[in-house]
Amino acid sequence: QVQLVESGGGLVQPGGSLRLSCAASGGILSIVAVDWYRQAPGKERELVAFISSGSSTNYADSVKGRFTISMDNAKNTVYLQMNSLKPEDTAVYYCSTYIRSDDGLRNYWGQGTQVTVSS
């Protein structure tokens, strides 16, 4: 049974940094792709960053140059390094992973981690 655990959220001052982790476990053959989404109160969910197993990446315009997504295949973990954080980055962040396991290729979501940027 595949499980995802997100971590790394918290309270940070504007201009600060956080690194989010999305760790997968349980019968994983490979991670095919991962999206990081975020959802702020009263707003629609927003796709923030994407990475494929081939290391292709893409970012929302709002985070380009500030956020970096990366994947550690040995640890089955994807990271979102967030620098120069702004109050508008405040949201719950979710990882959405496409994982190949004994159950085939499926989409799994993390539980979400709160990021609050405030002075």
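Note: the structure precedes this text.
Remember, predicted model here, so these are calculated numbers, not experimental data.

Each value, and the rule that gives it
- Residues numbered from 1 in each chain as written.
- Predicted model: local features only at pLDDT ≥ 70, side-chain atom pairs only at ≥ 80, totals over all residues.
- Heavy atoms only, no water.
- Phe/Tyr/Trp six-rings, centres within 6.5 Å; stacked < 30°, edge-to-face > 60°.
- Helix = DSSP H or I, 4+ residues; strand = E, 2+ residues; numbered from the N terminus.
- Buried < 20%, exposed > 50% of the residue type's maximum accessible area, 1.4 Å probe, protein only.
- Lys NZ or Arg CZ within 6 Å of the ring centre and 35° of its normal.

1. Remarks on the packing of aromatic side chains
In total, this model carries two aromatic pairs according to the counting rule given. Ring centres 6.5 Å apart and planes at 70° place the aromatic pair Y94 and W109 in the edge-to-face group. Of the two residues, Y94 sits in strand β9 (residues 91–101) while W109 sits in strand β10 (residues 104–109), which places them 15 residues apart along the sequence. You can call W109 partly exposed: its relative accessible area is 35%. Ring-pair connections join several aromatic residues into one group, and the members of that group are Y37, Y94 and W109. Over the face of the ring belonging to Y94 we find R45, whose NZ or CZ atom lies 5.4 Å from the ring centre.

2. Points about unusual backbone geometry
Despite not being glycine, N76 has its phi angle at roughly 50°, a positive value. Residue position: N76 is located in the loop between β7 (67–72) and β8 (77–82). Judged by its relative accessible area of 22%, N76 falls in the partly exposed class. The phi dihedral of S84 falls on the positive side, at around 50°, and the residue is not glycine. Its location among the elements puts S84 in the loop between β8 and β9.

Everything listed here is a matter of geometry and, on its own, says nothing about what the molecule does.
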